[in-house]
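So you can see what is in the structure, the chains are spelled out below.
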Amino acid sequence: MKINNVTSVNDGHRVQELQTSLDNLKEDFEYNLKLIYERDSELEFMEKEQSKLQALVADKNAYIDKLLQRTQELETHSFQSSESWAEKFKNVEKESNLKSEKIRNLEHQLKSSADL
């Protein structure tokens, strides 16, 4: 009877050890599951933030492209305007030179007719 009693006590201890191990495993599982849910939630939030930031970057890049295009247009227009002004200046200079030449010719004619 003592052997049976010892065996049942040993079995009782073994069952209790197994139950404690099972309880610990359950706690660990629940803790890990909670961590996974928290991580999934954080990942979902980060993915949404990443999408927002990518959209913002795309908007900013589009804006920069428009500014670069407008800058290039202005530089081209400015260069064309400079050429246009340079041509106008040359024309005015030519006209001025022609008028100066005419004045010299008229002065020469007046001097020549006065000498006669």
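No experiment lies behind these values; they were computed from the predicted model shown. (Residues numbered from 1 in each chain as written. Predicted model: local features only at pLDDT ≥ 70, side-chain atom pairs only at ≥ 80, totals over all residues. Heavy atoms only, no water.)

> Quick question: what am I supposed to make of the overall build of the chain here?
The secondary structure content of the chain amounts to one helix and zero strands. Counting the 116 residues in the chain, one finds 0% classified as buried. In the form shown here, the chain has an accessible surface area of approximately 11,300 Å², with 58% of it arising from carbon and sulfur atoms. (Helix = DSSP H or I, 4+ residues; strand = E, 2+ residues; numbered from the N terminus. Buried < 20%, exposed > 50% of the residue type's maximum accessible area, 1.4 Å probe, protein only. Areas by Shrake-Rupley, 256 points an atom, 1.4 Å probe, with all protein chains shown as cover.)

> Any chance you could explain a negative patch on the surface here in plain terms?
Together, D23, E27, D28 and E30 make up a negatively charged patch on the protein surface. Considering the arrangement of structural elements, one finds E27 in helix α1 (residues 2-115). When its relative accessible area of 52% is taken as the criterion, E27 is described as exposed. (Patch = residues over 30% accessible without salt bridge, like charges linked within 9 Å, V, L, I, M, F, W, Y side chains within 5 Å. Salt bridge = Lys/Arg side-chain N within 4 Å of Asp/Glu carboxyl O. Lys, Arg positive; Asp, Glu negative; His and termini not counted. Charge placed at Lys NZ, Arg CZ, Asp CG, Glu CD.)

> What exactly am I supposed to notice about a nonpolar patch on the surface here?
A cluster of nonpolar side chains, contributed by F29, L33, I36 and Y37, occupies part of the molecular surface with about 420 Å² of accessible area. Residue placement: F29 occurs in helix α1.

> Sorry, what's going on with the pattern of salt bridges here?
Inspection of every chain in the model, using the stated rule, returns seven salt bridges. R14 is the salt-bridge partner of E17, the closest N and O atoms lying 3.5 Å from each other. In this pair, E17 and R14 are both assigned in helix α1, three residues apart and thus about one turn of the helix distant.

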